[in-house]
Amino acid sequence: MPTTPVENLTETQAAEELARLAAELLAHDRRYHAEDAPTISDADYDALKRRNAEIEARFPELVRADSPSLKVGAAPSGAFGQVVHAKPMLSLDNVFSDEDVVDFVASVRRFLSLGETAELVFTAEPKIDGLSMSLRYEKGALVTAATRGDGTTGENVTANIRTISEIPQQLPKGVPDVLEVRGEVYMRRDDFLDLQKRMAESGQTFANPRNSAAGSLRQKNPEVTRSRPLKFFAYAWGETSAPLGATQFDAVQQLGRWGFVVNERMKRCATLDEMLAQYRAIEAERAALPYDIDGVVYKVDRLDLQERLGFRSRSPRWATAHKFPAEKATTTLLAIDIQVGRTGALTPVARLEPVTVGGVVVVNATLHNEDYIKGIGNDGNRIRPDDHDIRVGDTVTIQRAGDVIPQILDIVPDKRPKDATPYQFPDRCPACGSHAVREEGEVVRRCTGGLICPAQAVERLRHFVSRNAFDIEGLGEKQIEFFFGAEDEALRVRSPADIFTLRERQKSSLTKLENIDGFGAVSVKKLFDAIDARRSVETSRFLYGLGIRHIGETNARRLARHFVSFGALRAVAEAARIPDGKGDKGNEAWQELNAVNGIGDVVAEALVEFFAEDHNREVVDALLKEVTPRDEEQVGGVETQFTGKTIVFTGGLERMSRDEAKAMAERLGAKTAGSVSKKTDLVVAGPGAGSKLKQAEALGIEVIDEEEWFRRVEG
Ligand code: IVH
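The shown structure was predicted, so the numbers you read here are calculated from the model rather than taken from an experiment.

Cut-off values and rules
Residues numbered from 1 in each chain as written. Predicted model: local features only at pLDDT ≥ 70, side-chain atom pairs only at ≥ 80, totals over all residues. Heavy atoms only, no water. Axes fitted to C-alpha atoms, helices over the stretch in contact; angles between N-to-C directions. Helix = DSSP H or I, 4+ residues; strand = E, 2+ residues; numbered from the N terminus. Parallel < 35°, antiparallel > 145°, perpendicular 65-115°, else oblique. Left-handed = near helix turned anticlockwise from the far one by under 90°. Contact = heavy atoms within 4.5 Å. Nonpolar A, V, L, I, M, F, W, Y, C, P; charged D, E, K, R; others polar. Pairing = 2+ DSSP bridges. Phe/Tyr/Trp six-rings, centres within 6.5 Å; stacked < 30°, edge-to-face > 60°. Buried < 20%, exposed > 50% of the residue type's maximum accessible area, 1.4 Å probe, protein only. Polar contact = N/O pair within 3.5 Å; in protein donor to acceptor, adjacent residues only side chain to side chain. Near = heavy atom within 4 Å. Areas by Shrake-Rupley, 256 points an atom, 1.4 Å probe, with all protein chains shown as cover. Salt bridge = Lys/Arg side-chain N within 4 Å of Asp/Glu carboxyl O.

K.L.:
Describe the packing of helix H5 (residues 189-200) against helix H6 (residues 209-217), and please don't skip the residues or the numbers.
P.N.:
It is the contact of H5 with H6, at a shortest axis distance of 10 Å, that shows an interaxial angle of 70°. Between H5 and H6, the angle falls in the class roughly perpendicular. Between H5 and H6 lies a crossing whose hand is left-handed. Counted together, Arg189, Phe192 and Leu195 of H5 and Pro209, Ser212 and Ser216 of H6 form the full contact between these two elements. In terms of residue class, the contact of H5 with H6 is made up of three nonpolar, two polar and one charged.

K.L.:
How would you explain the sheet that holds strand E7 (residues 178-187) if you had to name every residue and give the values?
P.N.:
Pairing within the open sheet is antiparallel, and its four strands lie in the order E5-E4-E7-E8. Each of the sheet's edge strands pairs with one partner strand only, and the pair in question is strand E5 (141-147) and strand E8 (230-240). Strand-to-strand, the axes of this sheet are offset by a mean angle of 30°, without reference to chain direction. Examined bridge by bridge, strand E4 (residues 131-138) and E5 share six bridges and lie antiparallel to one another. Following the sheet pairing, Ser134 is matched in E5 by Ala146. Taken strand by strand, helix H8 (residues 248-257) contacts E7 and E8, and its axis lies near 120° from that of E8.

K.L.:
For the packing of aromatic side chains, give the residues involved together with the corresponding values.
P.N.:
Tallying each qualifying case throughout the model produces 19 aromatic pairs. The interplanar angle of 70° and the centroid separation of 6.3 Å between the aromatic rings of Phe311 and Trp318 together place this pair among those described as edge-to-face. A residue is classified by how much of its surface remains accessible, and Phe311, at 46% relative accessible area, is partly exposed. Given a relative accessible area of 14%, Trp318 falls into the buried group.

K.L.:
Residues and numbers for the side chain of Thr247, please.
P.N.:
Along the polypeptide, Thr247 turns up in the loop between E8 and H8. Only 3.0 Å separates the side chain of Thr247 from the side chain of Arg268, close enough to count as a polar contact. Here Thr247 is in contact with Arg268, Asp301, Arg302 and Leu303, once residues within four sequence places are set aside.

K.L.:
Mind laying out the site of the ligand, listing which residues take part and the relevant values?
P.N.:
Lining the immediate environment of the ligand, one finds 13 residues, of which Glu125, Ile128, Ser132, Glu184 and Tyr235 sit closest. A distance of 3.1 Å separates a nitrogen atom of the ligand from a polar side-chain atom of Lys299. A total of 530 Å² of accessible area belongs to the ligand in isolation, and the protein chains cover 87% of it. Of all the elements in the fold, those that place two or more residues in the shell around the ligand are strand E3 (122-128) and strand E10 (293-300). Counting residues per element, the shell around the ligand draws most heavily on E3, at four residues.

K.L.:
Give a description of the pattern of salt bridges that names residues and reports values.
P.N.:
Overall, the coordinates contain 52 salt bridges when judged by the stated rule. Between Asp389 and Arg391 there is a salt bridge, with the nearest N and O atoms lying 2.8 Å from each other. Of the residues examined, Asp389 reaches a relative accessible area of 12% and is grouped as buried. Between Glu504 and Lys507 there is a salt bridge, and its shortest N-O distance comes to 3.3 Å. Placement of both Glu504 and Lys507 in helix H14 (residues 496-507) is noted, with a separation of three residues, approximately one turn of the helix. Taken individually, Glu504 and Lys507 each receive the classification exposed, so the pair is uniform in this respect.

K.L.:
How would you sum up the packing of helix H18 (residues 566-575) against helix H21 (residues 614-626)? Please name residues and give values.
P.N.:
With their axes 14 Å apart at the nearest point, H18 and H21 run at an angle of 165° to one another. Classified by the interaxial angle, the pair formed by H18 and H21 is roughly antiparallel. Judged by the sense of rotation from one axis to the other, the crossing of H18 with H21 is left-handed. Contact with H18, carried on its side by Phe566, Arg570 and Glu574, involves Arg617, Val620, Asp621 and Leu624 of H21 and no other residues of that element.

K.L.:
Give me the lowdown on the sheet that holds strand E23 (residues 682-685), citing residues and values where you can.
P.N.:
Strand order across the open sheet formed by four strands is E22-E21-E23-E24, with parallel pairing between neighbours. Two strands close off the open sheet at either side, each with one partner strand: strand E22 (671-672) and strand E24 (702-704).

Here's what the structure looks like:
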């Protein structure tokens, strides 16, 4: 145990000790939670935590981003089994202003081809700030409870959920045989404050009710969860063997009659004005409510319309969250650090004097880019007055909205220290020293080091293992940095394929991972097993993991669904010729890429350029020796007469909008394209169809009208 009394520590000593304590406590946490093999007593552990808290109390400016006091005593991911959701758990789109709500309603009307005056009812209810949960009941009995996870697969927390008294374990007679009830687990504010008091002695506290609910649920021991005051609101459902009602409102009331707590503030709104009035009413009540909310959720009331509207990649078209304005605070800017991203972008990050915003301690904030620091927006116009450039030492106002990274809004000019100097953005990469250049018309300055820049390489690897890419359990930021920097060949990871050869290389090596501090035999085995479990991944994940510019999750999925196999996608990308910009239309492969729904020139170009680089092809080839991309599952799952067919809609449609038509075709397993080519299987033409119809006729492609389309879909 360190012996220097806290009041005698110098700032440097304190910083060093906090760093050491963070590492030490992390290692103990891992041994305790992941390996069930603690090496110190609970009392000694608590003493370390207390020491950490005492030093932080005397030097608040030294609180580290990875401080153990900001962590919760929850089990690490991987401690629970996994549950594949019968229906994906989606998230919600966010809007922030009244105009956005007007646009949302208009988009729903447009999609459904409803005129401005046709009846369209929405429900409006508080958006609860907790964590979403799916409860599966079979023949009335609770069988599994799962967290949202990545939306497809969540964690099995059934044992812990059974300790929550508001969640029924048995439902009354007459409920559907299969019933998945979805809603929010949360903690009331007063219960949270009581719990804080109870826990203060152990030095283990939570930042806010939401973290507290999450931490309480992710306990290995259900008895700990039982001692935490968790509650549940039901507001949605997943798989059900019988419909719950004809409208959102009725279905939720039905859940209420079956014994779930439903929110009494849910209201039906027949007009836009009523929706906005309900938003204002809930906002006005916000502070007085016993639980945290962060907005209002609007949902189309009629379930048949919800069905027609369907989903985008991550969220339903029939609902949106109208968020409350972000919370603000002022603090001091201590330093500006530069981070290097996987594409070499240099991003300035503000290090702040710790400040609480909306119940969370904020120590970092984004500064976006060089111009933002000067007060210039992306369009080149000023976003702050001339003398409001951001300088180290400034008092700044910051804002934090929901889960978004906090940002600096402005400075307080009167409080600027006399000696503060304008910030000089570096023209060299802080990681590799290469020139950092800003191309004409770009806001971002990029490191030109490419392959030699360690920061870019580490970021690429971090992206590769991240949740929506390869999602390798136990391989987080810290581990990637460790493996990247490893001196020993048998431990070194420089490119994705190296991750998969690690186990084999370890076998013939004397440097054993399990002997390195922070690992241990159990976690090493788990890590290797987690890596092996990813030797086969869906094509979309594989593609997304490569970290190609502009290929985020949605575009990766679009491409994967279209080409089905990675091989087919790559073949087209390698064969494609980018048009020269002088009227040339590129070759056939280019046009095929371009015809993929939602894929435009910028994305197609990024893909073609990626595969044109020798180095990238080598990285992919090496990876393909270790990993097999699985053919992409087609949406809908069930085979229909349209599965795999490419359909083009053209001309006017009467019963539905063009967007609805496309969504409908995609639900049936078809691909839709914007132009007619040899690859088109079917053209649905309405009145006024022009060149596309002619082209189809010239190519001998089957053409049908809207009525025939519906006959085939319904038939
Ligand atoms: S509906 C398919 N209703 O917000 C849409 N979500 O930001 C299902 N949430 O993951 C969600 N209160 O955890 C819905 N009244 C409410 C909600 C709510 C909170 C959460 C939910 C969801 C997240 C999306």
